[in-house]
Amino acid sequence: MPRWIMEIENLLRTSNLKFDFDSIQIEQVKHEEDNDFYDVWKIISGGNAYILKRTDKYEPEIYSKLLSGFEKNIPKLHEIINYKK
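Treat the numbers as computed from the prediction; the structure is a model and nothing was measured.

1. Looking at the environment of Q28
Move 1: Its place among the elements puts Q28 in strand 1 (residues 25–30).
Move 2: Judged by relative accessible area, which is 17%, Q28 ranks as buried.
Move 3: If we ignore the near neighbours within four places in the chain, the residues touching Q28 are W4, F37, Y38, D39, V40 and W41.
Move 4: Here the side chain of Q28 touches Y38 through a polar contact of 3.0 Å, landing on its backbone oxygen.

Structure (structure tokens):
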């Protein structure tokens, strides 16, 4: 198992969300333009899909404000996890 997957799993274990680590799928997302990886991961667990994104410290507040006015088809910001290596 690649080290980055273990690091993501360890981070998810600190979350308030409950993940099924026996069947979890983690995939790092690539830019469509150049096919390079960036700091976004798609996580599938228990029939739900989540996006984990490494952000600058100001981004979660912006996302919360932007997404709060919409009702449908908008991703929910479940949690902010502070992580430092």
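2. Notes on the sheet that holds strand 2 (residues 37–45)
Move 1: With antiparallel pairing, the three strands of this open sheet are ordered in space as 1-2-3. In this open sheet, the two edge strands, each paired with only one partner strand, are strand 1 and strand 3 (48–53). Pairwise comparison of adjacent strand axes, ignoring direction, gives a mean angle of 25° for this sheet.
Move 2: Both strand 2 and strand 3 contribute to a ladder of six bridges, which runs antiparallel. What sits directly across from S45, in strand 3, is N48.

3. Some details on the pairing of strand 1
Move 1: Relative to strand 2, strand 1 runs antiparallel, the two being bridged by five bridges. Note on strand 2: the bridge partner recorded for I26 is I43.
Move 2: Hairpin connection of strand 1 to strand 2: six residues between the antiparallel strands, including N35 at a positive phi of 65°.

Conventions adopted
Residues numbered from 1 in each chain as written. Predicted model: local features only at pLDDT ≥ 70, side-chain atom pairs only at ≥ 80, totals over all residues. Heavy atoms only, no water. Helix = DSSP H or I, 4+ residues; strand = E, 2+ residues; numbered from the N terminus. Buried < 20%, exposed > 50% of the residue type's maximum accessible area, 1.4 Å probe, protein only. Contact = heavy atoms within 4.5 Å. Polar contact = N/O pair within 3.5 Å; in protein donor to acceptor, adjacent residues only side chain to side chain. Pairing = 2+ DSSP bridges. Axes fitted to C-alpha atoms, helices over the stretch in contact; angles between N-to-C directions.

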